[in-house]
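Fold and contact review
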Amino acid sequence: MTQFSPDAFNEVLAAFDWGEGTLTTNAYGEGHINNTNLVTVSSESETKHFILQRINTDIFTNPKALMENICNVTSYLKNVIEKCGGDTERETMTVVYTKNGLPYYTDSEQGVWRVYTFVEHTICLQQCRDANDFYTSAKAFGQFQKNLSDYDASTLHETIPNFHNTPDRFRKFKEALAADVMHRAAEVAEEIAFIEAHEADCSHMTDLLAAGKIPLRVTHNDTKLNNILLDDKTGKALCIIDLDTVMPGLAANDFGDSIRFGANHNAEDEPDLSKVNFSLELFEAYTKGFLEIAGDALTPLEVETLPWGAKLMTLECGIRFLTDYLEGDHYFAVHRPGQNLDRARTQFKLVRDMEACWDEMNAIVSKYR
Ligand code: ADP
Ligand code: GN1
Ligand code: MG
């Protein structure tokens, strides 16, 4: 994403009504896609926070449609949460409109910005502290999917076409490999061989979908642990965030993307692969929570294919990281050289681990079905 000037940033700050007080801003969070800032508004009587994000319009090329999805989905969720007696301000996101009444602001450099209220007294984890963190986040993602089960999917814009189309991700990887613009292919022969050996796996879920054997649902599509806020006092998963990719998708993919990121005790970009291990204990905690809440709403085949969701979301993400590495790191934000390669390698290690305990994974799913 291109940089923005201080003038553009000030123009954006002037476009929103922050209330009384002194404004300070800081870069915030560990997302790979948008530019996220914490805005603090301090007055004598209180301190308030907001999240100000510059939407990555290289990736989300239609921000108007994107924000329409988010406004509609959050309003819908607020209704559901209210009916259940929940807290509509804390259990889903709240979009703050510009002074001109719009859900986003376009600055004079064509940057597109949005503001959310900051959900106070929450924590956002990069790794589970224990199995209970993962169990509670599974219940929250299960509930999210359930809350949107009657949402009219035809009204949602597809913000990134073919987002979890794994065969298409494989095809794009092959294109990047053929072009090899950064001359990096030679150093990653092992990773390339790993992906190529898994070509046939890529279409497992898309074939089931095409054959009408599993349904499309309204899904989140980016269910990693740092896209959920936990109540800092109770530790309970409270609010699902990062709604940019809420679109029609597969239940097993939402399940699987959580497993990919959360079911190991180290970071997604850990360079020392000996520390990266798929945790069956965490897999079980997530499976239990997800099926407790969403299990009744899923078909038997959807439940049966949850391990496939885990394996393919991990493989697909590894393919995407390696593709970006080959193309010069322009999709996922990187903070050091080789970071996307490290990310790809952790994903392939996790896929190998999952393959080694495939029977156990299936047995765990059967236990909680
Ligand atoms: P990205 O698409 O780049 O991942 P996110 O929307 O996930 O961006 O935001 C990045 C980080 O900002 C999150 O992981 C979380 O820590 C924090 N965050 C985002 N929205 C809120 C919010 N409404 N309240 C509190 N923290 C938030
Ligand atoms: C991105 O936006 P963020 O950081 O929550 C990506 C996901 C990947 C993830 C890998 C829109 O998620 O698909 O799984 O990085 N989001 C988009 O960490 O591409
Ligand atoms: Mg995020």
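Residues numbered from 1 in each chain as written. Chains lettered and ligands numbered in written order. Predicted model: local features only at pLDDT ≥ 70, side-chain atom pairs only at ≥ 80, totals over all residues. Heavy atoms only, no water.

**Notes on the pattern of salt bridges**
Two side chains bearing opposite charge may form a pair once their charged atoms approach each other closely. All told, the structure shown has 20 salt bridges when counted by the stated rule. Across the pair glutamate 196 and lysine 174 runs a salt bridge, and its minimum N-O distance is 2.5 Å. In this pair, glutamate 196 is assigned in helix 5 (residues 189-197) and lysine 174 in helix 4 (residues 166-179), connecting sequence segments 22 residues apart. Arginine 260 is the partner of aspartate 257 in a salt bridge, and the nearest nitrogen-oxygen pair spans 2.8 Å. Residue aspartate 257 and its partner arginine 260 are both found in helix 8 (residues 251-262); the two are separated by three residues, about one turn of the helix. A single burial state applies to aspartate 257 and to arginine 260, both of which are buried. Residues joined in a network through salt bridges with shared partners are Asp168, Arg171, Lys172 and Glu175. (Salt bridge = Lys/Arg side-chain N within 4 Å of Asp/Glu carboxyl O. Helix = DSSP H or I, 4+ residues; strand = E, 2+ residues; numbered from the N terminus. Buried < 20%, exposed > 50% of the residue type's maximum accessible area, 1.4 Å probe, protein only.)

**Examining unusual backbone geometry**
For aspartate 180, which is not glycine, the phi dihedral falls at a positive 40°. Of note, aspartate 180 is situated in the loop between helix 4 and helix 5. Owing to a relative accessible area of 16%, aspartate 180 belongs among the buried residues under this scheme. For aspartate 329, which is not glycine, the phi dihedral falls at a positive 60°. Along the chain, aspartate 329 turns up in the loop between helix 11 (306-327) and helix 12 (339-356).

**A word on the coordination of the magnesium ion (ligand 3)**
Surrounding the magnesium ion (ligand 3) are the protein donor atoms Asn227 (OD1) and Asp242 (OD), at 2.2 Å. One end of the pair, asparagine 227, is in the loop between strand 8 (217-219) and strand 9 (228-231); the other, aspartate 242, is in the loop between strand 10 (237-240) and strand 11 (247-249), and 15 residues separate them in sequence. (Donors = N, O, S within 2.8 Å, 3.2 Å for Na, K, Ca; no water.)

**Some words on the site of ligand 1**
The environment of ligand 1 is formed by 19 residues, the closest being Asn34, Gln53, Asn226, Asn227 and Asp242. A distance of 2.9 Å is found between an oxygen atom of ligand 1 and a side-chain nitrogen or oxygen belonging to glutamine 53. Within the backbone of asparagine 226, an N or O atom sits 2.9 Å from an oxygen atom of ligand 1. The fraction of the free accessible surface of ligand 1 (550 Å²) that becomes covered by protein chains is 97%. Of the residues that constitute the shell around ligand 1, the class distribution is nine nonpolar, nine polar and one charged. In this structure, the shell around ligand 1 is formed jointly by two domains, domain 1 (6-120) and domain 2 (131-368), each of which donates at least three residues. (Near = heavy atom within 4 Å. Polar contact = N/O pair within 3.5 Å; in protein donor to acceptor, adjacent residues only side chain to side chain. Areas by Shrake-Rupley, 256 points an atom, 1.4 Å probe, with all protein chains shown as cover. Nonpolar A, V, L, I, M, F, W, Y, C, P; charged D, E, K, R; others polar. Domains from an automatic or database assignment.)

**Some details on the site of ligand 2**
His32, Lys224, Glu268, Arg320 and Tyr331 are the nearest of the 17 residues found near ligand 2. Within the side chain of lysine 224, an N or O atom sits 2.6 Å from an oxygen atom of ligand 2. Within the complex, the protein chains bury 98% of what would otherwise be the 440 Å² of accessible surface of ligand 2. Of the residues that constitute the shell around ligand 2, the class distribution is seven nonpolar, four polar and six charged. Each of domain 1 (6-120) and domain 2 (131-368) contributes no fewer than three residues to the shell around ligand 2.

**What to know about the sheet that holds strand 10**
Read from one edge of the open sheet, three strands run 7-9-10, paired in antiparallel fashion. Both edges of this open sheet fall to strand 7 (122-123) and strand 10, since each of them pairs with a single strand only. Bridging between strand 7 and strand 9 involves two bridges; their strand directions are antiparallel. Bridge pairing in strand 9 links threonine 122 to aspartate 231. Seen against the sheet, helix 3 (residues 131-147) touches strand 9 and strand 10 and runs at an angle of roughly 45° to strand 10. (Pairing = 2+ DSSP bridges. Contact = heavy atoms within 4.5 Å. Axes fitted to C-alpha atoms, helices over the stretch in contact; angles between N-to-C directions.)

**Some points on the side chain of aspartate 353**
Topologically, aspartate 353 is positioned in helix 12. In contact with aspartate 353, not counting residues within four places along its chain, are Val276, Asn277 and Phe278.

**Considerations on the state of the cysteines**
This model, assessed by the stated rule, comprises zero disulfides. Among the cysteines around cysteine 128, which has no disulfide bond, cysteine 124 carries the closest sulfur, lying 12 Å off. Judged by its relative accessible area of 10%, cysteine 128 falls in the buried class. This cysteine, cysteine 317, is not joined by any disulfide, and cysteine 202 carries the nearest cysteine sulfur, 13 Å off. (Disulfide = S-S within 2.5 Å.)

**Here we look at the domain arrangement of the chain**
By the assigned domains, the chain splits into domain 1 (6-120) and domain 2 (131-368). Taken over C-alpha atoms, the centre of domain 1 sits 26 Å from the centre of domain 2. Listed per partner, the contact involves 23 residues of domain 1 and 28 residues of domain 2. Of all residues in domain 1, His32, Asn69 and Tyr76 bury the most surface against domain 2, accounting for 28% of the area lost on that side. Here aspartate 244 makes a salt bridge to arginine 114, at a shortest N to O gap of 2.8 Å. The element that contributes the greatest number of residues to the side of domain 1 that touches domain 2 is helix 2 (residues 63-83), accounting for eleven residues. Considering only residue class, the side of domain 1 that touches domain 2 consists of twelve nonpolar, six polar and five charged. (Buried area = accessible area lost by both parts, 1.4 Å probe.)

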